[in-house]
Amino acid sequence: MQHSTDATQPFDLVIRNGRISNADRTFHADIGVRDGVIAGIGENLPAGREDVDARGLWVLPGGIDSHTHIEQLSGMGVMCADDFYSGTVSAAFGGTTTILSFCAQHRNDRIPDVLRDYSRRAREKAVIDYGFHLILTNPDEQALTKDLPAVIEGGITSLKVYMTYDKLKLDDYELLDVLAVAGEYGAMVMLHAENHDMIRWVARRLLERGHKAPKFHAVAHDPLAESEATHRAIALSRLVDVPVLIVHVAGGETIDIIRKAQNLGAQVFSESCPQYLFLEAGDSDLPGVEGAKFCCSPPPGDKASQEAVWEGFKDGTLNVYSSDHAPYRFDESGKLPKGDATTFKEMANGVPGIELRLPLLFSEGVMTGRMSVEQFVALTATNHARMYGLAPRKGAIAVGADADLVLWDTERRTTVTAGMLHDQVGYTPYEGRELRGWPIQVYSRGRCVVRDDTLHVERGSGQFIARSRPQPVIERRADPSRGLFSQYVGLKPAAENR
Ligand code: URP
Ligand code: ZN
Ligand code: ZN
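Source: prediction; values computed, not measured. (Residues numbered from 1 in each chain as written. Chains lettered and ligands numbered in written order. Predicted model: local features only at pLDDT ≥ 70, side-chain atom pairs only at ≥ 80, totals over all residues. Heavy atoms only, no water.)

J.: Is there a simple way to think about the coordination of the zinc ion (ligand 3) in this case?
T.: Ideal donor angles around a metal are set by the shape: a four-donor tetrahedron calls for 109.5 degrees, a six-donor octahedron for 90 or 180 degrees. Only His67 (NE2), His69 (NE2) and Asp324 (OD) from the protein coordinate the zinc ion (ligand 3), and they sit 2.0 to 2.1 Å from it. Its 4 donor atoms give the zinc ion (ligand 3) angles of 89 to 127° at the centre, a pattern that matches the tetrahedral case. If you look at the zinc ion (ligand 3) and the zinc ion (ligand 2), they sit 3.9 Å from each other. With His69 in the loop between β7 (63-68) and α1 (84-93) and Asp324 in the loop between β14 (320-321) and α11 (357-366), this pair connects stretches of sequence that are 255 residues apart. In terms of burial, His69 and Asp324 fall into one category: buried. (Donors = N, O, S within 2.8 Å, 3.2 Å for Na, K, Ca; no water. Tetrahedral: all angles 85-135°; square planar, octahedral: opposite > 155°, others 65-115°. Helix = DSSP H or I, 4+ residues; strand = E, 2+ residues; numbered from the N terminus. Buried < 20%, exposed > 50% of the residue type's maximum accessible area, 1.4 Å probe, protein only.)

J.: When you look at the coordination of the zinc ion (ligand 2) in this model, what are you seeing that I'm missing?
T.: For the zinc ion (ligand 2), the full set of protein donor atoms is Lys160 (NZ), His192 (ND1) and His248 (NE2), and the range of their distances to it is 2.1 Å. Counting gaps between the donor residues of the zinc ion (ligand 2) yields the pattern K-x31-H-x55-H.

J.: Please explain the nonpolar core as it appears in this structure.
T.: Note on soluble globular proteins: their nonpolar side chains tend to be buried together. Counting 136 residues, the largest nonpolar core has Phe376 and Leu405 as the members making the most contacts within it. It is helix α12 (residues 373-387) that provides the largest number of residues to this core, a total of 7 residues. Formed by 10 residues, the second largest nonpolar core is a distinct cluster that contains Leu206, Phe216, Val289 and Phe344. (Core = buried A, V, L, I, M, F, W, Y, C linked by side-chain atoms within 4.5 Å.)

J.: Explanation requested: the side chain of Glu71 in the structure shown.
T.: Within the fold, Glu71 resides in the loop between β7 and α1. By relative accessible area, which is 8% here, Glu71 ends up buried. Here Phe84 takes part through its backbone nitrogen, which lies 2.8 Å from a polar atom of the side chain of Glu71. (Polar contact = N/O pair within 3.5 Å; in protein donor to acceptor, adjacent residues only side chain to side chain.)

J.: Please clarify how the pattern of salt bridges should be interpreted in this entry.
T.: Oppositely charged side chains can pair when the atoms bearing their charge come close. Following the criterion strictly, the structure yields 33 salt bridges and no others. The closest approach of N and O atoms between Arg120 and Asp117, which form a salt bridge, is 3.3 Å. Taken together, the residues span about one helical turn, with Arg120 and Asp117 both in helix α2 (residues 111-125) at a distance of 3 residues. With its nearest N and O atoms 3.4 Å apart, the salt bridge here joins Lys492 to Glu184. Of this pair, Lys492 sits in the segment after α13 (480-489) while Glu184 sits in helix α4 (residues 172-185), and the two are 308 residues apart along the sequence. (Salt bridge = Lys/Arg side-chain N within 4 Å of Asp/Glu carboxyl O.)

J.: Where do I start with the UniProt feature "modified residue: N6-carboxylysine" (unreviewed entry) in the protein in this structure?
T.: The UniProt record marks Lys160 with the feature "modified residue: N6-carboxylysine" (unreviewed entry), using the residue numbering of this structure. Here Lys160 is to be found in strand β10 (residues 158-162). Apart from residues no more than four positions distant in its own chain, Lys160 is found in contact with His67, His69, Phe102, Leu134, Ile135, Leu136, Met190, His192, Val247 and His248. (UniProt positions renumbered as here; feature names shortened; annotations may be inferred. Contact = heavy atoms within 4.5 Å.)

J.: I'm lost on the site of ligand 1 in this one. Help?
T.: As a structural note, the neighbourhood of ligand 1 is formed by His67, His69, Lys160, Tyr162, His192, His248, Cys296, Ser297, Asp324, Ala326, Asn349 and Gly350. Measuring from an oxygen atom of ligand 1, one finds a side-chain N or O atom of His69 at 3.1 Å. The separation between an oxygen atom of ligand 1 and a polar side-chain atom of His248 is 3.5 Å. When isolated, ligand 1 has an accessible area of 260 Å², and the protein chains bury 94% of it. Here the shell around ligand 1 is built from residues that sort into 3 nonpolar, 7 polar and 2 charged. (Near = heavy atom within 4 Å. Areas by Shrake-Rupley, 256 points an atom, 1.4 Å probe, with all protein chains shown as cover. Nonpolar A, V, L, I, M, F, W, Y, C, P; charged D, E, K, R; others polar.)

J.: How should the packing of aromatic side chains be read in this particular structure?
T.: Geometrically, a pair of aromatic rings is defined through the distance of the ring centres and the angle of the planes. By the definition in use, this model includes 12 aromatic pairs. One aromatic cluster in this structure is built from Trp58, Phe362, Phe376 and Trp408. We note Arg121 situated over the ring of Tyr118; from NZ or CZ to the ring centre the distance is 4.4 Å. Residue placement shows Lys293 over the ring face of Phe330; its charged tip is 4.6 Å from the ring centre. (Phe/Tyr/Trp six-rings, centres within 6.5 Å; stacked < 30°, edge-to-face > 60°. Lys NZ or Arg CZ within 6 Å of the ring centre and 35° of its normal.)

Structure follows, in structure tokens:
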């Protein structure tokens, strides 16, 4: 039995008789919660002020979704359909208790203003805990020397940079500048890796030939655009010996490149998402603009790339499974700025998935035996906590951790419809799927957030989580060949800054 220090006080909540899984093992026990924190784990815990019988249910750590776009203006100037209320409510109903969302700098924005704005909106609306990544589009002197160090000090210990999109992309020189600062202060750099000019060149030729329909989005974003940029991003990261995390990985060749770099000892981590396991490029081949509901960047590939993503999760090449929830309505406010005349180049990129992320993987991974429940926990919670500096507070069921707990009913069968979801999107690319297993009770810091298909918490009751430095899931192996290089070019390791 594990106990916290103050064993004399009654528990506020006991979740009894559940089948508990962490990333390393599964066991049966009771969980006692006091002041929002797990205070005891063991058999026959004394009664709590509230006692929940979880017999027959699986008790897993609350999901962490480290890639969500909420109440964010996209690079093309389109506002997401979800605000911090609907986005976090939708997350909670799908078993997620912490999200990391983006604060997006547009090129003329001052970084402190951006953070202040997102922080205020999230504080007023979020119902679960949240943190932020900074999207950095203007790495000027002010950003590199003043703003970024302050952002990281303030608990936003990760940033996302783009290698494509006219209004977001950084060139390789700028990427190196950002990596050097991230390395010095110990932040994780998330990379959207696609070759901008390949996409631009192919897209122009497609449009010139009248190929405007959504299905041509996947043609414009050839898998080579992703694999080339990933290879380049890894080379940049290795040059300065600073970790990177390649987000929303779609293609088999990209996964092979990441695996090879990891085998060489490179600090390269990666993420994939439901759309790359459960959607295919062919899904966007629909009449009119209907296929826009399935378009995101990079686009889903074919059956072989789906298999490669499954394999990447299984062998640990892919470290985190996130939604990349990018909620755009199927109308002029979102996907279709020019209505039915919108070309694939003008549609908002991205698909919703914050609520179905966990149920999809639980059903198709765990319930089919394709993945162990421990792997599921690692990919959906524990690895996110480590990679993004939320551990040990989040990501595991352990004494001293926040009581972020989800009770799963493995018997529940659900047919997905857009109407049952709590986002503001109005459609789901997973319409009609039959899923086995569902997160039926959700606790965040010991507060019951969802029970009986009902929300039990107030808007604004989520908390901002200031994160510590990432602890990558692969141990760092010092690369002696980079030592002298780092000395010559003045790179400082993060450790000197703590
Ligand atoms: O298509 C996507 N993934 N849209 C969301 C923005 C991004 O790049 O993650
Ligand atoms: Zn991206
Ligand atoms: Zn994204």
